[in-house]
Amino acid sequence: MTTSSHDFKSRFSFNSQTQTELKYCTYCDTTIRGRSDKRFCNDACRYAYHNEINKEPFTLVNSINRKLKRNRKILQTLLLKSKSKLEISRDDLLNNGFNFRYFTHINKDKPDRVFQCCYDFGYQILKGTKIVVVQEICEI
Ligand SMILES: [Zn+2]
């Protein structure tokens, strides 16, 4: 769908034979039959149109959410390849696209074992550049 030609204003044209006003679906552009105040040819088009205009815009909150979800996905993918715990270097995580500035919360299983979590996946920074990736510890 091209949003430029589908705005809130309905477009009109005239059928030369009947001189009745033709209207077009705001979403899919097919001819609308029935009441003259209809803007959509069917419910599916109305829902699709409103879903698109209600899509979250690019905002700081959405941008951070995307980074958090991306971090989670990276941890999940890496952890799936190993068993329940993975040791990885900081550089390897960075090379996978991980962004250490973003995490959702911090959990501890012991006073001195701190895990930075991205939702249900997390990591513990060990001495040096080693990092342990885990899952269960991050469940709230
Ligand atoms: Zn339609």
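Quick notes on the rules
- Residues numbered from 1 in each chain as written.
- Predicted model: local features only at pLDDT ≥ 70, side-chain atom pairs only at ≥ 80, totals over all residues.
- Helix = DSSP H or I, 4+ residues; strand = E, 2+ residues; numbered from the N terminus.
- Buried ≥ 20, exposed ≤ 12 C-beta atoms within 10 Å, placed from the backbone.
- Contact = placed C-beta atoms within 7 Å.
- Expected span 1.5 Å × (residues − 1).
- Arc of directions from axis to C-beta.

1. Regarding the environment of Phe103
Thinking step 1. When you line up the elements, Phe103 lands in the loop between helix H3 (90-95) and strand S5 (105-110).
Thinking step 2. Given 21 C-beta atoms within a 10 Å radius, Phe103 is considered buried.
Thinking step 3. Put simply, Phe103 and Tyr119 are 16 residues apart on the chain and 7.7 Å apart in space, counted from C-alpha to C-alpha.
Thinking step 4. In this view, Phe103 contacts Asn71, Gln116, Cys117 and Cys118; residues no more than four positions away in its chain are not counted.

2. Here's the deal with helix H2 (residues 60-81)
Thinking step 1. Relative to the 32 Å expected for 22 residues at 1.5 Å per residue, H2 spans 32 Å between its end C-alpha atoms, a close match to the ideal helical length.
Thinking step 2. For H2, the full list of buried residues reads Asn71, Arg72 and Leu75. When H2 is viewed along its axis, its buried side chains cluster within an angular range of 95° and face the same direction. Exposed and facing more than 90 degrees away from the buried side of H2 are Asn62, Ser63, Arg66, Thr77, Leu80 and Lys81.
Thinking step 3. Elements in contact with the buried residues of H2: strand S6 (113-118), strand S7 (121-125) and strand S8 (130-134).

3. Regarding unusual backbone geometry
When glycine is set aside, most residues are seen to have a negative phi, and most peptide bonds are trans.
Thinking step 1. In the Ramachandran plot, Tyr119 falls in the positive-phi region, its phi being about 60° despite a non-glycine side chain.
Thinking step 2. As for its position among the elements, Tyr119 is in the loop between S6 and S7.
Thinking step 3. Its 18 C-beta neighbours within 10 Å are what place Tyr119 among the partly exposed residues.

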